[in-house]
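Reading the structure
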Amino acid sequence: MLVNLNSVLEHARKEKYAVGLFNTTDTDMLQAVLDAAEETRSPVIIGTAEILLPYGELKLIAPSVIAAARRATVPVVVHYDHGLTAGRCAEALELGFSSVMFDGSVKDYAANIAETREIVRLARSFGATVEGEIGHVGNADCASAADRYTTVEEAADYLLKTGVDALAVAIGTAHGVYKSKPQLNLQRLEELRAAVNVPLVLHGGSGLSADDFRNCIAAGISKVNIFTDLCLAGDAAMAECVKNGAGYLETRNAKVRAIKAAAAEKMKLFGCAGRA
């Protein structure tokens, strides 16, 4: 069933588990993640990000993703992740996405607030939810990957002025493959949870340890974003098939199975298995 963020994250926040956002650029990844959600009886958030559109355009993938969400027997949020422009966020909403993230975290503070507020106003007219970001989650290959932690004061102010439904915060994670172990600021996360009354989101989840995930969820995270780990699982499966001389269709199915297993493992780890 197609739902928005509020339908799955409020319960997660109250019961102290997290729901996974799995970015999927094609129907192979979509099948893998939805099969994992059905098998584990997990609510799930399916997404794509603006930076991923060269690998799967919105107009191409949106109809299949939304139709699959409606057919599912578990709650499925269709989420536009890391929207960088108002135009692309509006396009996602018009195509039927039930949620969008507007990422104005690299803009100056006033511009981030003003532009996010406009996205919230637009999304409300579609019955959709909005995730915002304050602080900045950098890239794992950057020397300043945790370049700006979210402060309690700016999180509370940002929430008050924008009205977002979920808030992505910077506590030391980064996007991509980590070159060294991330230093997570769990104390800051606990302070943020105490200061704001919306679900908190962890970006840059791929590559964290099981204990890292458990600690972050216990400290207040209700949504975890995963993409790189799915790609790595698919890469490994395809490489093995190539090594063994498998054909295209056999390789495709092996890739789907590997991504499904990786997604199911995360759903169980996040505590959302059996919650649908």
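Residues numbered from 1 in each chain as written. Predicted model: local features only at pLDDT ≥ 70, side-chain atom pairs only at ≥ 80, totals over all residues. Heavy atoms only, no water.

The helix and strand inventory of the chain stands at 10 helices and 9 strands. Relative to its length of 276 residues, the chain is compact, with a C-alpha radius of gyration of 18 Å against a globular reference of 19 Å. When its C-alpha atoms are laid out on the principal axes, the chain stretches across 55 × 40 × 35 Å. Each of the 276 residues in the chain was classed as buried or not, and the buried ones make up 55%. (Helix = DSSP H or I, 4+ residues; strand = E, 2+ residues; numbered from the N terminus. Rg over C-alpha atoms; globule rule 2.2 N^0.38 Å. Buried < 20%, exposed > 50% of the residue type's maximum accessible area, 1.4 Å probe, protein only.)

Moving on to unusual backbone geometry. Backbone geometry follows two general trends: most residues other than glycine have a negative phi, and most peptide bonds adopt the trans configuration. Positive phi, close to 65 degrees, is recorded for lysine 16, a residue that is not glycine. Residue placement: lysine 16 occurs in the loop between α1 (5-15) and β2 (19-23). Its identity is not glycine, yet histidine 82 carries a phi of approximately 50 degrees, on the positive side. One can find histidine 82 in strand β4 (residues 76-83). With relative accessibility at 13%, the residue histidine 82 sits in the buried group.

This brings us to the packing of aromatic side chains. As enumerated under the stated definition, the model contains 2 aromatic pairs in all. On the numbers, 6.1 Å between centres and 90 degrees between planes, the contact of tyrosine 80 with phenylalanine 97 is edge-to-face. Here tyrosine 80 is found in strand β4, whereas its partner phenylalanine 97 is found in the loop between α4 (86-95) and β5 (99-102), with 17 residues between them in sequence. For the pair formed by tyrosine 80 and phenylalanine 97, the shared burial category is buried. (Phe/Tyr/Trp six-rings, centres within 6.5 Å; stacked < 30°, edge-to-face > 60°.)

Inspection of helix α6 (residues 152-162) places Glu154, Ala155, Tyr158, Leu159 and Thr162 among the buried residues, and these make up the whole buried set. Down the axis of α6, the buried side of the element spans an arc of 130 degrees, and every buried residue falls inside it. Of the exposed residues in α6, those oriented more than 90 degrees away from the buried face are Glu153 and Leu160. Buried positions along α6 lie against α5 (109-126), β6 (129-134), β7 (166-169) and α7 (186-195). Just past α6, the residue glycine 163 takes up positive phi, approximately 75 degrees. (Arc of directions from axis to C-beta. Contact = heavy atoms within 4.5 Å.)

Glancing now at the packing of helix α8 (residues 210-219) against helix α10 (residues 248-270). At a minimum axis distance of 10 Å, the contact between α8 and α10 shows a crossing angle of 45 degrees. The orientation of α8 relative to α10 falls into the category oblique. In this structure, α8 crosses over α10, and the sense of that crossing is right-handed. Within the contact between the two elements, α8 uses Ala210, Phe213, Arg214 and Ile217 and α10 uses Lys266, Leu269 and Phe270. Partitioning the contact of α8 with α10 into residue classes produces 5 nonpolar, no polar and 2 charged. (Axes fitted to C-alpha atoms, helices over the stretch in contact; angles between N-to-C directions. Parallel < 35°, antiparallel > 145°, perpendicular 65-115°, else oblique. Left-handed = near helix turned anticlockwise from the far one by under 90°. Nonpolar A, V, L, I, M, F, W, Y, C, P; charged D, E, K, R; others polar.)

With that out of the way, let us pick up the pattern of salt bridges. Between side chains of opposite charge, a pair can form as their charged atoms come close. Here the structure, examined in full by the defined rule, presents 16 salt bridges. Linking glutamate 10 and arginine 13 is a salt bridge whose minimum nitrogen-to-oxygen distance equals 3.4 Å. Here glutamate 10 and its partner arginine 13 are both found in helix α1, 3 residues apart, which amounts to about one turn of the helix. For arginine 13, a relative accessible area of 31% translates into the label partly exposed. (Salt bridge = Lys/Arg side-chain N within 4 Å of Asp/Glu carboxyl O.)

None of the figures reported here should be taken as evidence of function without further support.
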